[in-house]
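This is what each chain is made of:
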Amino acid sequence: MNIHIIGGGAVGLFFAAQWCEKHAVTLWTRTEQQAEMISRGGIRVLENHMENIYPVNSKKIESLYVEGDLVVVAVKQYHMKEVLPLLQNAAAQSVLFLQNGMSHLDFLEQVPHPHLYAASVEHGLAKIDGRTIQVNGRNKTNIGSLRSGTAGIIDQLQTGSFRFDWNENSYHMLIEKMAANAIINPLTALLKVKNGEIAENARFRAIAKDLSREFASVFSYKTAEDTFQSVLSICTKTADNESSMLKDMKAGNLTEIDAIVGVLLKTAEKNHRSVPAFQLLYNMIKGKENTPEFMSK
Ligand SMILES: NC(=O)C1=CN([C@@H]2O[C@H](COP(=O)(O)OP(=O)(O)OC[C@H]3O[C@@H](n4cnc5c(N)ncnc54)[C@H](OP(=O)(O)O)[C@@H]3O)[C@@H](O)[C@H]2O)C=CC1
Ligand SMILES: CC(C)(CO)C(=O)C(=O)O
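Definitions and cut-offs
Residues numbered from 1 in each chain as written. Chains lettered and ligands numbered in written order. Predicted model: local features only at pLDDT ≥ 70, side-chain atom pairs only at ≥ 80, totals over all residues. Heavy atoms only, no water. Near = heavy atom within 4 Å. Polar contact = N/O pair within 3.5 Å; in protein donor to acceptor, adjacent residues only side chain to side chain. Areas by Shrake-Rupley, 256 points an atom, 1.4 Å probe, with all protein chains shown as cover. Helix = DSSP H or I, 4+ residues; strand = E, 2+ residues; numbered from the N terminus. Salt bridge = Lys/Arg side-chain N within 4 Å of Asp/Glu carboxyl O. Nonpolar A, V, L, I, M, F, W, Y, C, P; charged D, E, K, R; others polar. Core = buried A, V, L, I, M, F, W, Y, C linked by side-chain atoms within 4.5 Å. Buried < 20%, exposed > 50% of the residue type's maximum accessible area, 1.4 Å probe, protein only. Contact = heavy atoms within 4.5 Å. Pairing = 2+ DSSP bridges. Axes fitted to C-alpha atoms, helices over the stretch in contact; angles between N-to-C directions. UniProt positions renumbered as here; feature names shortened; annotations may be inferred.

Participant: How should the site of ligand 1 be read in this particular structure?
Facilitator: Not every one of the 25 residues close to ligand 1 is listed here, only the nearest: Val-11, Arg-30, Asn-100, Leu-125 and Glu-256. Between ligand 1 and the protein, one listed contact pairs an oxygen atom with a backbone N or O atom of Val-11 at 2.9 Å. Between ligand 1 and the protein, one listed contact pairs a nitrogen atom with a side-chain N or O atom of Glu-82 at 3.0 Å. Compared with its free state, where it exposes 900 Å², ligand 1 has 88% of that area covered by protein. The set of elements that each furnish at least two residues to the shell around ligand 1 consists of helix H1 (10-19), helix H3 (80-89) and strand E9 (125-129).

Participant: Can you help me understand the pattern of salt bridges in this one?
Facilitator: A pair can form between side chains of opposite charge whenever their charged atoms are brought close. Evaluated as defined, the whole model comprises 14 salt bridges. Between Arg-40 and Glu-36 there is a salt bridge, with the nearest N and O atoms lying 3.2 Å from each other. Here Arg-40 pairs with Glu-36, and both are found in helix H2 (residues 32-41), just 4 residues apart, close to one helical turn. When the shortest N-O distance is used, the salt bridge between Asp-165 and Arg-163 registers 2.7 Å. The network of salt bridges with shared partners includes Asp-258, Lys-286 and Glu-289.

Participant: Would you explain the site of ligand 2 in this entry?
Facilitator: Around ligand 2, the neighbouring residues are Asn-100, His-123, Lys-177, Asn-181, Asn-185, Asn-195, Ile-234, Asn-241, Ser-243 and Ser-244. A distance of 3.2 Å separates an oxygen atom of ligand 2 from a polar side-chain atom of Asn-185. Residue Asn-195 places a side-chain N or O atom 2.8 Å away from an oxygen atom belonging to ligand 2. Here ligand 2 has 280 Å² of accessible area as a free molecule, and 95% of this is covered by the chains. When its residues are assigned to classes, the shell around ligand 2 shows 1 nonpolar, 8 polar and 1 charged.

Participant: Would you explain the nonpolar core in this entry?
Facilitator: Soluble globular proteins tend to pack their nonpolar side chains together in the buried interior. If you look at the biggest cluster of nonpolar residues, it comprises 42 residues, and the most contacted ones within it are Met-178, Ile-183, Ile-198, Phe-215, Phe-219, Val-261 and Phe-278. Among the elements of the structure, helix H5 (170-191), helix H6 (195-200), helix H7 (202-218), helix H8 (224-237), helix H9 (244-251), helix H10 (257-270) and helix H11 (276-288) are those that each provide at least two residues to this core. Broken down by element, the residue count for this core peaks at 11 residues, all from H5. Sequence-distant contacts of Val-261, that is, excluding residues within four places in its chain, are made with Ala-182, Pro-186, Phe-278 and Tyr-282.

Participant: Would you take a moment to explain the sheet that holds strand E3 (residues 43-47) for this structure?
Facilitator: The strands making up a sheet associate through hydrogen bonds between their backbones, and the pairing can be parallel or antiparallel. Here we have 4 strands laid out as an open sheet, ordered E4-E3-E10-E9, and mixed in their pairing. The open sheet has two edge strands with one neighbour each: strand E4 (50-54) and E9. For this sheet the average axis-to-axis angle between neighbouring strands, irrespective of direction, equals 25°. Relative to strand E10 (residues 132-135), E3 runs parallel, the two being bridged by 3 bridges. Residue pairing for E10: Leu-46 is matched across the bridge by Gln-134.

Participant: I would appreciate a short explanation of the sheet that holds strand E11 (residues 141-147) in the present structure.
Facilitator: Pairing in this open sheet of 8 strands is mixed, and the strands run E5-E2-E1-E6-E7-E8-E11-E12 from one edge to the other. Here the strands that pair on one side only, and so sit at the sheet edges, are strand E5 (57-60) and strand E12 (164-167). Mean inter-strand twist for the sheet, computed between neighbouring axes without regard to direction, equals 25°. H2 rests against strand E2 (24-29) and E5 of the sheet, and its axis sits at about 170° to E5.

Participant: Is there a simple way to think about the UniProt feature "domain: Ketopantoate reductase N-terminal" (unreviewed entry) in the protein chain in this case?
Facilitator: Per the UniProt entry, the sites bearing "domain: Ketopantoate reductase N-terminal" (unreviewed entry) are residues 3-146 in this numbering. Here residues 3-146 runs as 21% helix and 42% strand, with 19 Å between its end C-alpha atoms.

Participant: For this particular structure, what's the right way to read the pairing of E3?
Facilitator: In the case of a regular strand, side chains alternate between the two sheet surfaces. Judged by how many residues are buried, E3 sits mostly within the fold: 4 of 5 residues are covered. In the sheet, E3 pairs with E4 via 5 bridges, with the strands oriented antiparallel. Bridging from a neighbouring strand, Val-45 pairs with Asn-52 of E4. The antiparallel pairing of E3 with E4 creates a hairpin that spans 2 residues between the two strands, and Asn-48 there sits at a positive phi of about 50°.

Participant: Just checking my understanding: could you explain the environment of Asn-283 for this structure?
Facilitator: Structurally, Asn-283 can be placed in helix H11. Along the chain, Asn-283 and Val-71 lie 212 residues apart, while their C-alpha atoms are 35 Å from each other.

Right, here's the structure in full:
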């Protein structure tokens, strides 16, 4: 396949490296400097004290008048508005969104491509520099259709080093991942701990359990206990990872809190559910976003 990936962050670099041996991959970055770095030196993947280099073609994104089989959107939720006009110009059969949270679904009507897919990524990935990532845990990646997608895409994207699983219900798939992100991300960002500590520390685990109960009172297709167990499992499998929200907070960036906990709060309000613990987490993260005293780098 001819694959174009938008966004040279942790996730974009990771998938570009995984697919480049089997597909023609182009990674579109925001800066010329990063594109040159990748094209010249390849993508460096650090994992279990080993280093692997993957040759990938990379270009600065100015316009996206490209033809391809698949465009993969690997930017943060708060970049989506900026990326949308570029995406609209790309001539491709399919688009795959890799975002955590759910607010990217609001843009779907403006995306003209015939086949749309969403994925929920369960790996723990950290960007070290413009061409280097650290893999802090491989898990599976779930994919489902948002518009006329078919399970056949799984066979094409499959890699030797982790699984892609097909999900018949993309909405449930995204909600399941959102449970993990709504609980793990703000807790780790506020407590400044790695994911594993939420499962290991009895008091933090108890908070995660209470939050699982609140989450299941809003999105009730899964029990509170199942939600809690799935959160613990992701914490354990990505124990050494700093969540993306913790990384954003440390870097003084915006966070994806609106696309994750914000969506939960709006749904709770619509359905007359009380979620005081999530409201508290939301206010704490919003209050801290972009404030220099939170930065610990
Ligand atoms: N990291 C992780 O472990 C996981 C992340 N996710 C989700 O995946 C998504 C991506 O996350 P992640 O890769 O960590 O985020 P990063 O912040 O590492 O990467 C986002 C990238 O998008 C680039 N970008 C922003 N705007 C544009 C634009 N207009 N054109 C081209 N590139 C652009 C940024 O460029 P620049 O650097 O120049 O600003 C940056 O490199 C998020 O929704 C996240 O929640 C899901 C599971 C795990
Ligand atoms: C899977 C997890 C929790 C890994 O840290 C993640 O999605 C994130 O950090 O946003």
